[in-house]
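# Reading the structure
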Amino acid sequence: MEIQLDQTRWYDRIWAAFIFFTRLPFWRLHQPSKECYKTVVEHWPLTGWLTGGAMAATLYFGSMVLPYLVVVVAAIAVRLLITGALHEDGLADFFDGFGGGGTDRQRILDIMKDSHIGTYGVLGLILYELLLGATLFSMPAELAALMILAADPYSKMVASQLIIMMPYARTEETAKNKTVYRKIEWKAGVSLAIQGLLPMAAFLWYTSLPWEMVIFLPCIVMYFLYLLIWHRLRGYTGDCCGAVCLLVELAVYLVICSLVTYH
């Protein structure tokens, strides 16, 4: 299997990531082999360049012609349309599973796989979207746009560490998308770091914000989420990856919002 993956072309693997993580019709232009979808997490931050760019452009240019609150909502809606609410679905399932499943590993997995959304999922999504909108609305349009460009790829890079830190909690046959991501090796890890840290480094250089807080505080959030997932499931799922991605991104926004407000 590893030989087959190594023989796939690098641009096919990137193309597969854009097909997997967005709802844009990339598949109409080219359809990579099934094996390429096992590597999509290795290019996850790169898709954040697209979703973050679309969201940031909507926010920045829309603020020139529309009330800012309207533009903030529109920017969030643009990303939801591009991704098909893929990560938000994972976040809702995560809240439902860990909120309603107690400490029963199989029950948590069953709840997260259920297509119906429960009370924990609804409340979690509402609170997440309210906090997301509030942090964006509290900052100037230019700063908020630059923050999105940096935070989207960075949060995906951080969330991808779950693939390195623990095994998959289900089998390939019982996975939602029938795909289990391959383990991330050192070359893919370097690529992930470049994809996720390059926009963040440019943002921190431009804004001169204290990089230690912006970089490490969201990583602490990720670590505690990792401990929770490991304690309950002893492995990750796609829903866990999506939830960690959004919560780490929100942590970045909250940290920057706090720094801008009180410094």
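A short tour of the structure in this document, coming up. (Residues numbered from 1 in each chain as written. Predicted model: local features only at pLDDT ≥ 70, side-chain atom pairs only at ≥ 80, totals over all residues. Heavy atoms only, no water.)

## Things to note about the overall build of the protein chain
A tally of regular secondary structure across the protein chain gives twelve helices and zero strands. In terms of C-alpha radius of gyration, the protein chain reaches 18 Å, essentially the compact-globule figure of 18 Å for 263 residues. Based on the C-alpha atoms only, the size of the protein chain along its principal axes is roughly 50 × 45 × 35 Å. Taken across its 263 residues, the protein chain has 50% of its residues classed as buried. Summarising the internal contacts of the protein chain: among those between residues at least 6 apart in sequence, 75% fall at separations of at least 24. When the accessible surface of the protein chain is split by element, carbon and sulfur atoms take 69% of a total near 12,600 Å². Averaged over its 19 positive side-chain charges, the protein chain has a centre that lies 5 Å from the centre of its 21 negative ones. (Helix = DSSP H or I, 4+ residues; strand = E, 2+ residues; numbered from the N terminus. Rg over C-alpha atoms; globule rule 2.2 N^0.38 Å. Buried < 20%, exposed > 50% of the residue type's maximum accessible area, 1.4 Å probe, protein only. Contact = heavy atoms within 4.5 Å. Areas by Shrake-Rupley, 256 points an atom, 1.4 Å probe, with all protein chains shown as cover. Lys, Arg positive; Asp, Glu negative; His and termini not counted. Charge placed at Lys NZ, Arg CZ, Asp CG, Glu CD.)

## Observations concerning the nonpolar core
With 79 residues, the main nonpolar core has Val40, Leu136, Leu162, Met200, Phe203 and Ile229 as its most contacted residues. Apart from residues lying up to four places away in sequence, Phe203 is in contact with Leu143, Leu146, Met147, Ala150, Leu209 and Ile256. (Core = buried A, V, L, I, M, F, W, Y, C linked by side-chain atoms within 4.5 Å.)

## Side note on the packing of helix H3 (residues 44-62) against helix H8 (residues 141-159)
For the pair H3 and H8, the least separation of the axes is 8 Å and the interaxial angle reads 165°. On the basis of the axis angle, H3 is roughly antiparallel to H8. Every pair of crossing elements has a handedness; the one defined by H3 and H8 is right-handed. Within the contact between the two elements, H3 uses Trp44, Pro45, Thr47, Gly48, Trp49, Thr51, Gly52, Gly53, Met55, Ala56, Leu59 and Tyr60 and H8 uses Ala141, Glu142, Ala144, Ala145, Ile148, Leu149, Asp152, Pro153, Lys156, Met157 and Ala159. Within the contact of H3 with H8, the residues separate by chemical class into 15 nonpolar, five polar and three charged. (Axes fitted to C-alpha atoms, helices over the stretch in contact; angles between N-to-C directions. Parallel < 35°, antiparallel > 145°, perpendicular 65-115°, else oblique. Left-handed = near helix turned anticlockwise from the far one by under 90°. Nonpolar A, V, L, I, M, F, W, Y, C, P; charged D, E, K, R; others polar.)

## Some thoughts on a nonpolar patch on the surface
The grouping of Ile164, Met165, Met213, Leu217, Ile220, Tyr223, Phe224 and Leu227 at the surface amounts to a nonpolar patch, some 690 Å² of accessible area in total. When residues of the nonpolar patch are traced back to their parent elements, those giving at least two are helix H9 (161-165) and helix H11 (211-233). Broken down by element, the nonpolar patch gets its largest block of residues, six residues, from H11. Relative to the elements of secondary structure, Met213 occurs in helix H11. Judged by its relative accessible area of 36%, Met213 falls in the partly exposed class. (Patch = residues over 30% accessible without salt bridge, like charges linked within 9 Å, V, L, I, M, F, W, Y side chains within 5 Å. Salt bridge = Lys/Arg side-chain N within 4 Å of Asp/Glu carboxyl O.)

## Notes on the packing of aromatic side chains
Counted by the stated rule, this structure contains 15 aromatic pairs. Ring geometry for Phe94 versus Phe95: centroids 6.1 Å apart, planes at 70°, classification edge-to-face. A relative accessible area of 4% places Phe94 in the buried class. The exposure class assigned to Phe95 is partly exposed, which follows from its relative accessible area of 25%. A centroid spacing of 5.9 Å and a plane angle of 35° characterise the contact between Tyr223 and Tyr226, whose relative ring orientation is tilted. (Phe/Tyr/Trp six-rings, centres within 6.5 Å; stacked < 30°, edge-to-face > 60°.)

## Describing the pattern of salt bridges
One pass over the structure, following the stated rule, counts five salt bridges. A salt bridge links Arg9 to Asp12; its shortest N-O distance comes to 2.9 Å. In this structure, the salt-bridge partner of Asp152 is Lys156, at a minimum N-O distance of 2.4 Å. Here the residue Asp152 and the residue Lys156 both occupy positions in helix H8, the gap between them amounting to four residues, near one helical turn. Residue Asp152 shares its accessibility class with Lys156, and that shared class is buried. It is possible to trace a salt-bridge network through shared partners that takes in Arg79, Asp152, Lys156 and Glu249.

## Things to note about the environment of Arg232
The residue Arg232 is located in helix H11 in this model. As for Arg232 and Leu86, which are separated by 146 residues in sequence, their C-alpha atoms are 23 Å apart. Contact partners of Arg232, with chain neighbours within four places excluded, come to Phe98, Gly102, Thr103, Arg105 and Ile108.

## Remarks on the environment of Ala74
With respect to the element layout, Ala74 can be found in helix H4 (residues 68-83). With a relative accessible area of 30%, Ala74 lands in the partly exposed category. Here the alpha-carbon distance between Ala74 and Thr8, two residues 66 residues apart in the chain, equals 38 Å.

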